[in-house]
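Coordinate inspection notes
Residues per chain are reported as follows:
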Amino acid sequence: MGRVRVRYLGYLAEYAGGREVEVEVGESGARLIEVVRLPPDVSPDDLVFLVNGRPAKPGDRVRPGDTVSVMPHISGGAPAPSYIPVAAPARATA
Amino acid sequence: MKGWHGRLLWVDLTRGEARSVEYPKEWALNFMGGRGLAARILWEHMPAGADPLGPDNLLIFAVGPLTGLPLPSSGKLVVAAKSPLTGGYGDGNIGSMAAVHLRRAGFDAIVVRGRAEKPSMLVVRDQKADILPAEHLWGLDTWAAERRLREDYGRNAGVLLIGPAGERLVRFATVISQEGRSGGRPGMGAVMGSKRLKAVVIVGTGDFNLHDQREVAKLGSAAYRDVKRSKGYSFWMRQGTMMTVDWAQENSVLPAYNFREGVFEGFKGIDGYRMEELKVTQRGCPNCNMTCGNVVRDAEGELSELDYENVAMLGSNIGLDDLAKVAVLNRLADMYGLDTISLGGTLAFAAEASEEGLIDERIEWGDFDRFRDLIREVALRETELGNLLAEGTRRAAEKLGGDSIRYAMQVKGLEVSAYDCHAAPGMALAYATSPIGAHHKDAWVISWEVATDRFSYGPEKARRVIELQRVRGGLFESFVTCRFPWVELGLDLDYYIKLLRAATGVEYTWDDLYALADRVYALVRALWIRELGGWDRSLDMPPARWFREPISKGPLAGSRLDIEKFRGLLDAYYELRGWDERGVPRRSTLEKLGLGFTVETLDRLVGLTP
Ligand code: SF4
């Protein structure tokens, strides 16, 4: 057994009940997504995950001693309407 | 025509006259307002090659069809001109009651040319405009001057003004409003100073001339409700953009010591939680229900309004870890009328130049007292060093010579804003291709980038930068409203197209709007080429430091950008935009976008690719 430290940034800290929480995991560790506590209406796709400061994915393995950071997209994360080819025709004046 | 007034207030300070003029309807439909309209006016009415600080430059204050309406965060205007810092197109947005009043006064923009003989101000009351003496205000800081103006014109008047830095033509002087709102990073305040225009006061009482006012009101109130219900709302109201300090530190993008590092050991002293301890109130722009101006009491007992950019640039980037002191520097910048981002980049440049022995003076990282004095020296051009730094980092480096250009963290002459890019090629591309120089406003791609494949140089990054540039830099800057309801709290973008249809009666589609955004981008690029008299893709390269000097601290120690791969990314960007390998829009692109009027000039200057 050992501990993983989980840091919550932004509004996620309000939900998780603190900016930093320690979670017990077995020697073989756990999947990242299993050690974080997220609001029910938040999809992991809308969040950024790091393990020990390096980019990580929700399915990655974390082990005792690791630090996980989880944070919302800040600024500019929301999707824009679908992509269209650049340089579309000029608009005929309305 | 509904949704626009179709009129500009044309002010000639040399002649001392102001008159209302109509402009072509086609400009409104195809360039919309704000940045798009300003770029179109500059192309048409500013003589090519004008001296940015001379009478021929045009200083433009422009609103758009959504400005000032009862919808989230709509109290913004764009201030634009040829930039004295970069020599190319420059603009910025500013939250101010002046935006709402300008629309109510019945104008889509104010265009100022010429130069007054004596310090002057422009006072607009609906359709009546007067150029009045302002000698009693010249020399006053922006707070004192604005308070005097409010005594004369009322608490709710719209006021835009410059401080002593703009008067002295500091090349990164901004336009200020409401004691802390600042706009026009590439020296728009210096352009105003060069015209001896201390202030613009606007009181408008007319209506907005809308197609369907009830629909606008209905959509607007639903949008306000959605903003308030968003998940991040309560935390945003606590910290606003200040939460980005922690975020940037975690992701190794918090600039430290002139962008030598992406983490700062003292970040806890300047982060959003520290700000909450010092916070006394919250301010914002008009019509905003997610106000983000966090006002703190600074180390000298005065009020100072903070956001992430100014805290990172005047904090970690100059090695200062005490938020109350950072707040002093920020307040001074606002009072003198200086851009906090370029100021932070310039002070860091000075500290590094001092460390490397390129200047005689000792300037230590984190030395609050020295930086405090230096801000005054820059704003007033008081000392030799202050005068040098008032020119911005690129010119300062050219004058100092030697290796000093290494320490000038800028693109096209505009200092980089607060994201270190040693390990963020997409964000580096956003800075490299921003239409005003290294600013994050157009494509804040870093959040997406760290969540996807951070170290990739794949074409998806170029594509994403363009998507963001379209929405943020192309549309929000032309609507003109604040982008934060969308970018920070996820307000559905469809609101904006519906609001636009309701306001104007024009059945815009997303394809139309994206084409409009691309048109504005290509026109701004055309202006750059015309004003510089040519183009070279080295102008679209990020600072060399990010390629040559890896970061040494934090989990990403050793990271730096790969120059060959970055060139490939830039190629992909040009290709997607329909620009050639030099970064010049192709003739076919210009024609498709309805910019045929630029073809002859550009072809003569650089020879267009078909
Ligand atoms: S979110 Fe902030 S910057 Fe945007 S309008 Fe509101 S107060 Fe102004």
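Residues numbered from 1 in each chain as written. Chains lettered and ligands numbered in written order. Predicted model: local features only at pLDDT ≥ 70, side-chain atom pairs only at ≥ 80, totals over all residues. Heavy atoms only, no water.

**A look at the packing of helix α2 (residues 34–45) of chain B against helix α22 (residues 510–532) of chain B**
Helix packing for two helices is described by the angle between their axes and how far apart those axes are. Residues and elements named next belong to chain B. Where we set the bar: Between N-to-C directions, angles span 0 to 180 degrees; the directions come from axes that are lines fitted to C-alpha atoms, helices contributing only their stretch in contact. In DSSP terms, a helix is any run of H or I states spanning at least four residues, a strand is any run of E spanning at least two, and both are numbered starting from the N terminus. Handedness of a crossing is defined here by the sense of rotation of the near helix relative to the far one, left-handed for an anticlockwise turn of less than a right angle and right-handed for a clockwise turn. Throughout, a contact is declared for two residues whenever any of their heavy atoms are within 4.5 Å. Only Asp, Glu, Lys and Arg are considered charged in this grouping, and only Ala, Val, Leu, Ile, Met, Phe, Trp, Tyr, Cys and Pro are considered nonpolar; every other residue, Gly among them, is considered polar.
Packing of α2 against α22 brings their axes to within 10 Å, and their N-to-C directions diverge by 35°. Our pair here, α2 against α22, has a crossing hand that is left-handed. Contact residues: α2 offers Arg35, Gly36, Ala39, Arg40, Leu42 and Trp43, while α22 offers Val520, Tyr521, Leu523, Val524, Ala526, Leu527 and Arg530. For the contact of α2 with α22, the class distribution of residues is nine nonpolar, one polar and three charged.

**Structural notes on the side chain of Asn57(B)**
Residue and element names in this part refer to chain B. Just so we agree on the cut-off: For every residue, the accessible area obtained with a 1.4 Å probe (protein chains only) is divided by the maximum for its type, and the residue is called buried under 20%, exposed over 50%, and partly exposed between those limits.
With respect to the element layout, Asn57 can be found in the loop between α2 and β3 (59–62). Using a relative accessible area of 0% as the deciding quantity, one classes Asn57 as buried. If we skip the residues at most four places from it in the chain, Asn57 touches Leu42, Met46, Ala50, Asp51, Pro52, Ala81, Lys82, Val112, Arg113, Val191 and Lys195.

**Some thoughts on unusual backbone geometry**
Residues and elements named next belong to chain B. Its identity as a non-glycine residue notwithstanding, Ser73 has a phi of 60°, on the positive side. Tracing the backbone through its elements, the reader meets Ser73 in the loop between β3 and β4 (76–82). One non-glycine residue, Asp126, lies in positive phi territory at about 50°. Checked against the element boundaries, Asp126 lands in the loop between β7 (120–125) and β8 (128–133).

**Topic: the domain arrangement of chain B**
Residues and elements named next belong to chain B. For the record, the criterion: Note that the domain bounds reflect an automated or database-derived domain assignment. Summed over both partners, buried area is the accessible surface (1.4 Å probe) that two parts give up on being assembled. Any Lys or Arg side-chain nitrogen located within 4 Å of an Asp or Glu carboxyl oxygen qualifies as a salt bridge.
What the domain assignment reports for chain B is domain 1 (7–203), domain 2 (233–416) and domain 3 (427–490 + 509–606). A C-alpha centroid distance of 25 Å is found between domain 2 and domain 3. Of the roughly 2600 Å² buried between domain 2 and domain 3, counting both surfaces, carbon and sulfur atoms make up 66%. Three residues stand out in domain 2 for area buried against domain 3, namely Glu261, Val411 and Lys412, and they jointly supply 25% of the buried area on that side. On the surface where domain 2 and domain 3 come into contact, there are four salt bridges. One salt bridge in this structure joins Glu265 and Lys553, with 3.7 Å as the shortest N-O distance.

**Digging into the site of the ligand**
We count it as follows: If even one non-hydrogen atom of a residue comes within 4 Å of a molecule or strand, that residue is called near it.
Every residue near the ligand is listed here: Ser73(B), Lys76(B), Gly284(B), Cys285(B), Cys288(B), Met290(B), Thr291(B), Cys292(B), Cys482(B) and Phe484(B). Its residues assigned to classes, the shell around the ligand comprises six nonpolar, three polar and one charged.

**Some remarks on the packing of aromatic side chains**
Heads up, the rule is: Classification of ring pairs uses Phe, Tyr and Trp, with its six-membered ring standing for Trp, and accepts pairs whose centres are within 6.5 Å; under 30 degrees between planes counts as stacked, over 60 as edge-to-face, and the remaining range as tilted. Placement of a positive charge over a ring is assigned whenever Lys NZ or Arg CZ falls within 6 Å of the ring centre and within 35 degrees of the normal to the ring plane.
According to the stated counting rule, one finds 20 aromatic pairs over all chains in the structure shown. Following the ring pairs from residue to residue traces out a cluster consisting of Trp247(B), Tyr308(B), Tyr419(B) and Trp444(B). Directly above the aromatic system of Tyr273(B) lies the positively charged group of Arg19(A), at a separation of 3.4 Å from the ring centroid. The positively charged end of Arg530(B) is found above the aromatic ring belonging to Trp43(B), 4.7 Å away from the centroid.

**Focus: helix α7 (residues 213–229) of chain B**
Residues three or four positions apart in an α-helix share a direction because the helix packs 3.6 residues into each turn. All names here are of chain B. Rules: How far a helix is expected to stretch is found by multiplying one less than its residue total by 1.5 Å. It is the directions from the helix axis to the C-beta atoms that the arc portrays.
Given a rise of 1.5 Å per residue, 17 residues ought to cover 24 Å, and the 24 Å separating the end C-alpha atoms of α7 matches this to within 8%. Along α7, the residues that are buried comprise Val216, Leu219, Gly220, Ala222, Ala223 and Val227. Looking straight down α7, one finds that the buried residues subtend no more than 165° of arc, so they occupy a single side. Along α7, the residues that are exposed and aim more than 90 degrees away from the buried face are Arg214, Lys218, Lys228 and Arg229. Tucked inside the fold, the buried residues of α7 contact α8 (233–239), α20 (484–487) and α21 (494–504).

**What to know about the nonpolar core**
Note the following rule: The criterion is simple. A nonpolar core is a set of buried Ala, Val, Leu, Ile, Met, Phe, Trp, Tyr and Cys residues joined through side-chain atoms within 4.5 Å.
Val36(A), Tyr89(B) and Leu338(B) are the most contacted members of the largest nonpolar core, which totals 215 residues. Ranked by the residues each element gives to this core, the list is headed by α22(B), at 14 residues. Beyond its immediate stretch of four places on either side in the chain, Val36(A) contacts Val6(A), Tyr8(A), Phe49(A), Val68(A) and Val70(A). Residues Ala81(B), Ile94(B), Ala99(B) and Ala116(B) belong to the second largest nonpolar core, which totals 29 residues.

**Observations concerning the pattern of salt bridges**
Per the counting criterion, the structure on display carries 61 salt bridges over all chains. Its salt-bridge partner being Asp246(B), residue Arg19(A) comes within 3.8 Å of it at the nearest N-O pair. Pair noted here: Arg19(A) is in the loop between α1 (11–16) and β2 (20–25) and Asp246(B) is in helix α9 (residues 244–250), and the two residues belong to different chains. A salt bridge links Glu391(B) to Arg381(B); its shortest N-O distance comes to 2.8 Å. Taken together, the residues Glu391(B) in the loop between α15 (384–389) and α16 (393–400) and Arg381(B) in the loop between α14 (368–379) and α15 connect sequence positions ten residues apart. In this structure, Glu391(B) and Arg381(B) share a single accessibility class: buried.

**What about the environment of Arg37(A)?**
All names here are of chain A. Mapped onto the elements, Arg37 comes out in the loop between α2 (32–35) and β4 (47–51). Under the relative-accessibility criterion, Arg37 is labelled partly exposed at 47%. Along the sequence, Arg37 and Tyr11 sit 26 residues apart, while their C-alpha atoms lie 12 Å from each other. If we ignore the near neighbours within four places in the chain, the residues touching Arg37 are Tyr8, Tyr15 and Ala16.

**Points about the sheet that holds strand β1 (residues 7–12) of chain B**
All names here are of chain B. Put simply, the test is: Two strands make a pair as long as DSSP finds a minimum of two bridges between them.
The strand order across the open sheet formed by six strands is β2-β1-β6-β3-β4-β5, and the pairing between neighbours is mixed. At either end of the open sheet lies a strand with only one pairing partner, and these are β2 (17–22) and β5 (89–95). Direction aside, neighbouring strands of the sheet carry axes that sit 20° apart on average. Note that β4 and β5 share seven bridges and pair antiparallel. Within β5, the residue paired with Val78 across the bridge is Asn93. Strands in contact with helix α3 (residues 97–105) are β3, β4 and β6 (109–113); relative to β4, the strand with the most contacts, it is inclined by about 90°.

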